[in-house]
Amino acid sequence: MLEIFEYEFMQRAFLAGMIIATLASISGTFVVLRRYSMISETLAHSALVGVAVGLVAGFNPLWMAVIIAILSAWLIEYLRYSFSLYSDAVLAIFLSGSLAIAVIIVSLGGAFNNSLFSYLFGSILAVSDADLITIFIFGIVCLSVLLIFAKEFYFIAYDEEVAKTSGIRVRLLSFLLVTIVAIIIALSIRVVGSLLIGALMVIPTVSALQYRQGFAKTLFISLFFAIFSVASGMTLSFYMSLPSGATIVLSILVIFIISLVANKR
Amino acid sequence: MKFSLPIFDVKNLYFIVDDQEILRNVSFEIFAQDYIAIIGPNGGGKTTLIRILLGLEKETKGEVRIFGKKIKDFKEWHKIGYVPQRASHVDASFPATTQDVVKMGRTSKRKLFSKESQEDKLRVEDAMRKMDVYHLKDKMIGTLSGGQRQRVMCARALASRPEILILDEPNTGVDVSSQQRFYELLRELNKKEKITIVFITHDIGVIADDIARLFTINQKAVICNNPKEALSCEDMSDLYGIDAHLIHNHKHEH
Ligand SMILES: Nc1ncnc2c1ncn2[C@@H]1O[C@H](COP(=O)(O)OP(=O)(O)OP(=O)(O)O)[C@@H](O)[C@H]1O
Ligand SMILES: [Mg+2]
């Protein structure tokens, strides 16, 4: 066996990474097609508030991240619909607001340390057995929802109003999608880090779109890119002792540039 | 008793935005197998009217019933096919083949957890053939011409096997001979498949010989059950804001 898999922490990190790559690329496809990419960046910062609370108050940071991310997702959707605010403005407010709150909590609690650094940029050393189980259970639930409602999410992304007039519960499903995205992002911060997870959601799909294929193929290409970049990023992280989030995003960036150049018209 | 219940029953409908009456006291019924053209000047309220019928916009006053039910109680949306104005202006990079788009028409019909059924496949293929886009099924939607895309949008609407098809200016930017063929297709759907057709258009010349009923919308509505006479009726020329004889003459040019 490869040296890299002789370490148990690497096996855990790889498993977690594969699950996250799958979830991030599939949900990312729907988010990108709805022109709602910024939601992932914003929720990643909200998740950080959960991590901060967890670190300071001694709760499980991963669970807290999931809870806070979901709550912010709902609040954002509620504000968007009820006050017809500009979406991107709401997202910008939440993004910097969350970061500010997280930093204050961490500073007051005296938890500015290496552990926080790993939540920002990801770490292959950080995935515990308990984390892996959490990621696995939530992962199965999220994947099921994504697959069950894939056609609905796709239709809504294509034309929200026509979807609505065909009897699709657009608002309910939009809430469901952001909830799923919130969970996936919170799960990802262990491996990819909250400052970098947005890239893993968006760039595989944007790269796949360059190949101008139908729905199924685009989804598949995006999934392949995500898995490939997580695997190569983690390997790089292992051999060069770099934060895994950064090496993963670097790999996906290379894929993006290749896709862009190869499909240039 | 099939004809006793209208598909749409609109009574004294008003749509008012900021004290401005977009639609004023509009009443009409649409029955099964009607073939209706809606005409009127830009900004006359045609799109607004059908958006209200589809529940996308809420009326200020008045009553709208679909298949006898109020809009908020209506559940059988698959019975209605809708092709919006400018539906053919899709994002060129959206990852969808013709087939992907037409399949969307089956989305609300499927049961949760069920995969694509044999019937879904048949309906999608049938809709593509009827709209003459089957040969384009694996082409990316962004690479099709305006007229081809418009037919794909109609195929998507047809795939759910609707009882009524509502089209908002399906032919903007489509050349005259394609338009003619498109209206022939619609007429065929109406006669052979018994699908009720309602469409908004500015090209009365192309369709004047064939439409069954004509709605003219300019804030108020004038409903003409015999368009051939209607085209010269004074009421309508007032509403349309141009000399009715012009419309009449235009018709004879074709
Ligand atoms: N929700 C709304 N808020 C404000 N104004 C509206 C709203 N909906 C419609 N209007 C106004 O109502 C008028 C009618 O618009 P509508 O789109 O129905 O016209 P139309 O007959 O379809 O015109 P066209 O032939 O150009 O498509 C326009 O002046 C439009 O600005
Ligand atoms: Mg209009």
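Sequence order as written defines residue numbering, which begins from 1 separately in each chain. Whichever chain is written first becomes A and whichever ligand is written first becomes 1, with later ones labelled in order. Residues qualify for local features only when their pLDDT is at least 70, as the model is predicted, and side-chain atom pairs are given and counted only at 80 or more; totals for whole chains, interfaces and linings, by contrast, use all residues. To get the side-chain values, all heavy atoms of the structure are used, and hydrogens and water are removed first.

**Q** Sorry if this is basic, but what is going on with the coordination of the magnesium ion (ligand 2) here?
**A** Note on metal sites: the ideal angle is 109.5 degrees for four tetrahedral donors, and 90 or 180 degrees for six octahedral donors. Residues and elements named next belong to chain B. We call an atom a donor if it is N, O or S and sits within 2.8 Å of the metal, or 3.2 Å for Na, K and Ca. Water is not counted, so some sites may look partial. Those donors, Thr 47 (OG1) and Gln 85 (OE1), are the protein atoms that reach the magnesium ion (ligand 2), and they lie 1.9 to 2.3 Å from it. Of this pair, Thr 47 sits in helix α1 (residues 46-53) while Gln 85 sits in the loop between β6 (80-83) and α2 (98-104); the two residues are 38 residues apart in sequence, bridging distant segments of the chain. Owing to a relative accessible area of 23%, Gln 85 belongs among the partly exposed residues under this scheme. A run of H or I in DSSP counts as a helix once it spans at least four residues, and a run of E counts as a strand once it spans at least two, with each numbered from the N terminus. Exposure categories follow from relative accessible area, calculated using a 1.4 Å probe and restricted to protein chains: below 20% of the type maximum is buried, above 50% is exposed, and the middle band is partly exposed.

**Q** Can you walk me through helix α3 (residues 61-82) of chain A in this structure?
**A** Structural remark: α-helix, 3.6 residues per turn; residues separated by three or four positions point the same way. The terminal C-alpha atoms of α3(A) lie 31 Å apart, and with 22 residues this matches the ideal 32 Å at 1.5 Å per residue to within 8%. In the segment just after α3(A), A:Ser84 is the residue with positive phi, at about 30°. To estimate how far a helix should extend, the number of its residues minus one is multiplied by 1.5 Å.

**Q** What exactly am I supposed to notice about the environment of A:Leu196 here?
**A** With respect to the helices, strands and loops of the structure, A:Leu196 is situated in the loop between α9 (170-188) and α10 (197-209). Setting aside its immediate chain neighbours within four residues, A:Leu196 contacts A:Leu120, A:Phe121, A:Gly245, A:Ala246 and A:Val249. Here a residue-residue contact requires only that any non-hydrogen atoms of the pair lie within 4.5 Å.

**Q** Is there a simple way to think about the side chain of B:Lys46 in this case?
**A** Within the secondary structure, B:Lys46 sits in helix α1. When charges are counted, neither His nor the chain ends are considered; positive counts come from Lys and Arg and negative counts from Asp and Glu. Salt bridge, as applied in this entry: a Lys or Arg side-chain nitrogen positioned within 4 Å of an Asp or Glu carboxyl oxygen. The buried charged residue B:Lys46 lacks any salt bridge partner; its closest oppositely charged side chain belongs to B:Glu169, at an N-O distance of 4.7 Å.

**Q** How should I be thinking about the sheet that holds strand β9 (residues 213-218) of chain B in this particular structure?
**A** The strands that make up a sheet pair up through hydrogen bonds in the backbone, lying either parallel or antiparallel. Residue and element names in this part refer to chain B. One open sheet holds the six strands; their spatial order is β6-β7-β8-β3-β9-β10, and the pairing between them is mixed. With one partner strand each, in any of the chains shown, β6 and β10 (220-224) form the two edges of the open sheet. The sheet shows a mean angle of 15° between the axes of neighbouring strands, direction not considered. Following DSSP output, two strands are said to pair if at least two bridges run between them. Bridge count for β6 against strand β7 (residues 164-168) is four bridges, and the pairing is parallel. Considered in β7, the bridge of Gly 81 is made with Leu 165. Seen against the sheet, helix α4 (residues 146-159) touches β6 and β7 and runs at an angle of roughly 165° to β6. Axis geometry follows a simple rule: fit a line to the C-alpha atoms, using only the stretch in contact for helices, then measure angles between N-to-C directions, giving values from 0 to 180 degrees.

**Q** What exactly am I supposed to notice about the confidence of the model for chain B here?
**A** Residue and element names in this part refer to chain B. You can read pLDDT as the predictor saying how much it trusts each residue, on a scale of 0 to 100. Mean pLDDT for chain B: 83, with 81% of residues reaching 70 or above. Mean pLDDT values over the elements of chain B span from 41, in helix α9 (residues 244-253), up to 95, in α2. Below a pLDDT of 50 lies the segment residues 243-254, which in the model reaches 18 contacts outside its immediate sequence neighbourhood of four places, other chains included. At the level of chain-chain contacts, confidence expressed as ipTM amounts to 0.87, with global pTM at 0.90.

**Q** Please clarify how the interface of chain B and chain A should be interpreted in this entry.
**A** Facing the 29 residues of chain B at the interface are 24 residues of chain A. Both faces combined, the contact of chain B with chain A buries some 2300 Å², and carbon together with sulfur accounts for 65% of it. In this assembly, chain B and chain A are joined by one salt bridge. Linking A:Glu161 and B:Arg51 is a salt bridge whose minimum nitrogen-to-oxygen distance equals 2.6 Å. Throughout this description, a polar contact denotes any pair of N or O atoms lying within 3.5 Å of each other; where both atoms belong to protein, one of them has to be capable of donating a hydrogen while the other can accept it, and for residues adjacent in sequence the pair is counted only when both atoms sit in side chains. Where chain B meets chain A, there are four residue pairs in polar contact (both at pLDDT 80 or more). Only β6, α2 and α4 of chain B provide two or more residues apiece to the side of chain B that touches chain A. The greatest single-element share of the side of chain B that touches chain A, amounting to three residues, is contributed by α2(B). Residues are grouped as follows: Ala, Val, Leu, Ile, Met, Phe, Trp, Tyr, Cys and Pro are nonpolar; Asp, Glu, Lys and Arg are charged; all remaining types, including Gly, are polar. When the residues that make up the side of chain B that touches chain A are grouped by side-chain class, the tally is 17 nonpolar, six polar and six charged. Buried surface area refers to the total accessible area, computed with a probe of radius 1.4 Å, that the two partners give up upon joining, counted for both partners together.

**Q** Honestly, the sheet that holds strand β4 (residues 61-66) of chain B in this entry has me stumped. Any pointers?
**A** Residue and element names in this part refer to chain B. Taken in spatial order, the four strands make up an open sheet running β2-β1-β4-β5, and their pairing is antiparallel. A strand with exactly one partner marks an edge of an open sheet, and here the two such strands are β2 (20-30) and β5 (69-70). Relative to β2, strand β1 (residues 8-17) runs antiparallel, the two sharing seven bridges. Residue pairing in the sheet places Val 10 in a bridge with Phe 28 of β2. Relative to the sheet, α1 contacts β1, β2 and β4, its axis offset from that of β2 by approximately 60°.

**Q** Would you explain the pattern of salt bridges in this entry?
**A** Pairing of side chains with opposite charge becomes possible as their charged atoms draw close. This structure, assessed with the given rule, holds 21 salt bridges over all chains. For B:Asp132, the salt bridge identified is with B:Arg181, shortest N-O distance 3.2 Å. Of the two residues, B:Asp132 is situated in the loop between α3 (118-130) and α4 and B:Arg181 in helix α5 (residues 176-192); the sequence distance between them amounts to 49 residues. For B:Asp132, a relative accessible area of 30% translates into the label partly exposed. The exposure class assigned to B:Arg181 is partly exposed, which follows from its relative accessible area of 36%. With a closest N to O distance of 3.7 Å, B:Lys137 and B:Asp138 form a salt bridge. Exposure remark for B:Lys137: the relative accessible area of 21% places this residue in the partly exposed category. Here the salt bridges do not stand alone but share partners, grouping A:Glu8, A:Arg12 and A:Asp129 into one network.

**Q** Got a minute to help me understand unusual backbone geometry in this structure?
**A** Glycine aside, the phi torsion of most residues is negative, and most peptide linkages are trans. Residue and element names in this part refer to chain B. For Asn 12, which is not glycine, the phi dihedral falls at a positive 45°. Counting through the fold element by element, Asn 12 comes out in strand β1. Positive phi values are uncommon outside glycine, yet Asn 25 reaches one of about 50°. Considering the arrangement of structural elements, one finds Asn 25 in strand β2. Among the residues examined, Asn 25 registers a relative accessible area of 38% and is labelled partly exposed.

**Q** So what exactly am I meant to see when it comes to a nonpolar patch on the surface here?
**A** Residue and element names in this part refer to chain A. On the surface, a cluster of nonpolar side chains totalling about 550 Å² of accessible area is made up of Leu 236, Tyr 239, Met 240, Leu 242, Leu 250 and Leu 253. Put simply, the parts of the chain that give the nonpolar patch at least two residues each are α11 (215-240) and α12 (244-262). When you line up the elements, Leu 242 lands in the loop between α11 and α12. What makes Leu 242 partly exposed here is its relative accessible area of 38%. Only residues whose relative accessible area exceeds 30% and that form no salt bridge are eligible for patches; like-charged ones are grouped when within 9 Å, while nonpolar side chains (Val, Leu, Ile, Met, Phe, Trp, Tyr) are grouped when within 5 Å. Accessible surface area values rest on a Shrake-Rupley calculation with a 1.4 Å probe, where residue burial reflects the displayed protein chains alone.

**Q** Looking at this structure, I do not really get the site of ligand 1. What am I missing?
**A** Residues and elements named next belong to chain B. Near ligand 1 you find 15 residues, and of these Gly 43, Lys 46, Thr 47, Thr 48 and Gln 85 are the closest. Asn 42 is positioned with one of its side-chain polar atoms (N or O) 3.0 Å from an oxygen atom of ligand 1. Gly 43 has a polar backbone atom sitting 2.8 Å from an oxygen atom of ligand 1. Relative to its unbound accessible area of 640 Å², ligand 1 is 63% covered by the protein chains. When contributions to the shell around ligand 1 are tallied by element, the ones reaching two or more residues are β1 and α1. Ranked by the residues each element gives to the shell around ligand 1, the list is headed by α1, at three residues. Its residues assigned to classes, the shell around ligand 1 comprises four nonpolar, eight polar and three charged. Only heavy atoms are used to decide nearness, and a residue is near a molecule or strand if one of them lies within 4 Å of it.

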